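Letter by letter, the chains look like this.
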Amino acid sequence: MAKIKLEYLWLDGYKPTQNLRSKTKVEEHENFKGTLEEIGNWSFDGSSTRQAEGGASDCILKPVAIYPDPERRNGYLVMTEVLNADGTPHESNGRATIDDDDNDFWFGFEQEYFIMDTHTQLPLGFPVGGYPAPQGMYYCSVGGKNTHGRDLVEEHADLCIDAGLNFEGINQEVACGQWEFQLFAKGAKKAGDEIWVARYLLDRLTEKYGYYIEYHPKPLGKDMDWNGSGMHANFSNTTLRTAGNKATYEAICEAFRPVVKEHIEVYGEFNDQRLTGEHETQSITEFSYGISDRGASIRIPVATVESGWKGWLEDRRPASNGDPYKIAGRIIKTVKSAKI
């Protein structure tokens, strides 16, 4: 028999931006294989996370995905859904609203973020009381003058890969101290699971560096001439992957036009500070789409067109602090409503 550490992860009830919570359950197992079938539900005090009242505070954690924890001996990361005591999905449970039980929808999320110094409360590379050089040389840069935080980013990439996440890449972004990682999954729920686990690994890693991660989409202020942080959502389903014609793509894109408000409501807090029509964004009140247009709400990748209109779309509006479950759920609902 061996002692196994199970780190149960869940999203709390804070609104509009939920936070990751976690706690460790130690169990004895013989020949543990790391599968969901080997572990069970757990509970937590929902009155401490804005998910229940003190008089009836138990909420249920239902495991939905499990990954090896690369930093702990005999450790596993367990992503969970929050249920009410009667077993129904809690109102904070965005994963339960995703209509993709057959995994027809594939998602690739591009998670941008700023690495912040806990002492200065500024992004890496920012001097106290001033500013670094303007944007231009930071994007995909190399060298100590323009590149800040590479040790953390490289270690995070290794942890994600070792955990078995479908981690696809990293790069420094346009602003100083800003980075991005990419994940892809076949199945909207799985894509959301992996983003949240990757965020957990990143946040936990900062504890030993004296950093913290800022997911605010415009942490330097809405009026500052610095790029904000998004979480671009690349998505496809069988229709998009096999369409073979421009008309189908236009019909799906047009389905997004009348529901701009509904999308923005779940695309992340403070997104109005980022979606201004500048810095590679469309205005939050407008909707547009175009081929290879990074200033549009939805970009049609040139690779999709060159493949004979078979591929995917990129919604560039989601903010870096958005919930990938809610984002994917809303995109799926809109795509399924398209009149094709």
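Calculation notes
- Residues numbered from 1 in each chain as written.
- Predicted model: local features only at pLDDT ≥ 70, side-chain atom pairs only at ≥ 80, totals over all residues.
- Heavy atoms only, no water.
- UniProt positions renumbered as here; feature names shortened; annotations may be inferred.
- Buried < 20%, exposed > 50% of the residue type's maximum accessible area, 1.4 Å probe, protein only.
- Helix = DSSP H or I, 4+ residues; strand = E, 2+ residues; numbered from the N terminus.
- Pairing = 2+ DSSP bridges.
- Expected span 1.5 Å × (residues − 1).
- Arc of directions from axis to C-beta.
- Polar contact = N/O pair within 3.5 Å; in protein donor to acceptor, adjacent residues only side chain to side chain.
- Phe/Tyr/Trp six-rings, centres within 6.5 Å; stacked < 30°, edge-to-face > 60°.
- Contact = heavy atoms within 4.5 Å.
- Disulfide = S-S within 2.5 Å.
- Core = buried A, V, L, I, M, F, W, Y, C linked by side-chain atoms within 4.5 Å.

In the annotation of an unreviewed UniProt entry, the entry for the protein reads glutamine synthetase, and the organism field reads Hyunsoonleella rubra. Looking at the protein in UniProt, the text filed under Sequence similarities (unreviewed entry) is "Belongs to the glutamine synthetase family." Heading Function (unreviewed entry) of the UniProt record for the protein holds this comment: "Catalyzes the ATP-dependent biosynthesis of glutamine from glutamate and ammonia."

A. Quick peek at the pairing of strand β1 (residues 2-11). For β1, the tally of buried residues reaches seven of 10 residues, placing the bulk of the element in the interior. As paired strands, β1 and strand β2 (residues 20-29) are joined by 10 bridges and run antiparallel to one another. Counted as the bridge partner of Ile4 is Glu27 from β2. Examined bridge by bridge, β1 and strand β5 (residues 75-83) share five bridges and lie parallel to one another. Within β5, the residue paired with Lys5 across the bridge is Gly75.

B. Spotlight on helix α1 (residues 150-162). Between its first and last C-alpha, α1 extends 18 Å over 13 residues, near the 18 Å set by a 1.5 Å rise per residue. Considered for burial, the residues of α1 that qualify are Leu152, Val153, His156, Ala157, Leu159 and Cys160. Along α1, the residues classed as buried sweep out an arc of 165° about the axis, all on the same side. Turned more than 90 degrees away from the buried face of α1 sit Asp151 and Asp162, all of them exposed.

C. View of the UniProt feature "domain: GS catalytic" (unreviewed entry) in the protein. On the UniProt side, "domain: GS catalytic" (unreviewed entry) is annotated at positions that read residues 89-340 here. Segment residues 89-340 splits into 29% helix and 18% strand. End C-alpha atoms: 32 Å apart.

D. Looking closely at the side chain of Arg299. With respect to the helices and strands, the residue Arg299 is situated in strand β12 (residues 298-300). Within the structure, Arg299 has its side chain in polar contact with the side chain of Glu314 (distance 2.5 Å).

E. Summary view of the packing of aromatic side chains. Inspection of the entire model under this criterion finds 15 aromatic pairs. Consider the rings of Tyr138 and Trp226, whose centres lie 6.3 Å apart with planes at 40°: the pair is tilted. Taken as a pair, Tyr138 in the loop between β6 (106-117) and α1 and Trp226 in the loop between β9 (211-214) and β10 (231-236) lie far apart in primary sequence, 88 residues in all. For the residue pair Tyr138 and Trp226, the accessibility class agrees, reading buried in each case. When the centroid spacing of 5.7 Å and the interplanar angle of 20° are considered together, the rings of Phe167 and Phe181 count as stacked. Linking Phe167 in strand β7 (residues 167-172) with Phe181 in strand β8 (residues 178-186), this pair joins segments that are 14 residues apart in sequence. Residue classification places Phe167 among the buried residues on the basis of a relative accessible area of 13%. Members of the aromatic cluster, connected to one another through ring pairs, are Phe107, Phe109, Phe235 and Phe256.

F. Region of the structure containing the side chain of Asp12. Along the chain, Asp12 falls in the loop between β1 and β2. A distance of 3.0 Å separates a polar atom in the side chain of Asp12 from a polar atom in the side chain of Arg21. Those residues in contact with Asp12 that lie beyond four places of it in its chain are Gln18, Asn19, Arg21, Thr49, Gln51 and Ser92.

G. Expanded view of the state of the cysteines. A complete count under the given rule lists zero disulfides for this structure. The closest cysteine sulfur to the non-disulfide-bonded Cys160 is located on Cys140, 18 Å from its own sulfur.

H. View of the nonpolar core. In this structure, Phe107, Tyr113, Leu165, Leu313 and Ile331 are the most contacted members of the largest nonpolar core, which totals 64 residues. Of all the elements, helix α2 (residues 188-206) adds the most residues to this core, at 10 residues. Counting residues in each nonpolar core, the second largest holds 13 residues, with Phe32, Phe44, Leu61 and Val78 among its members.

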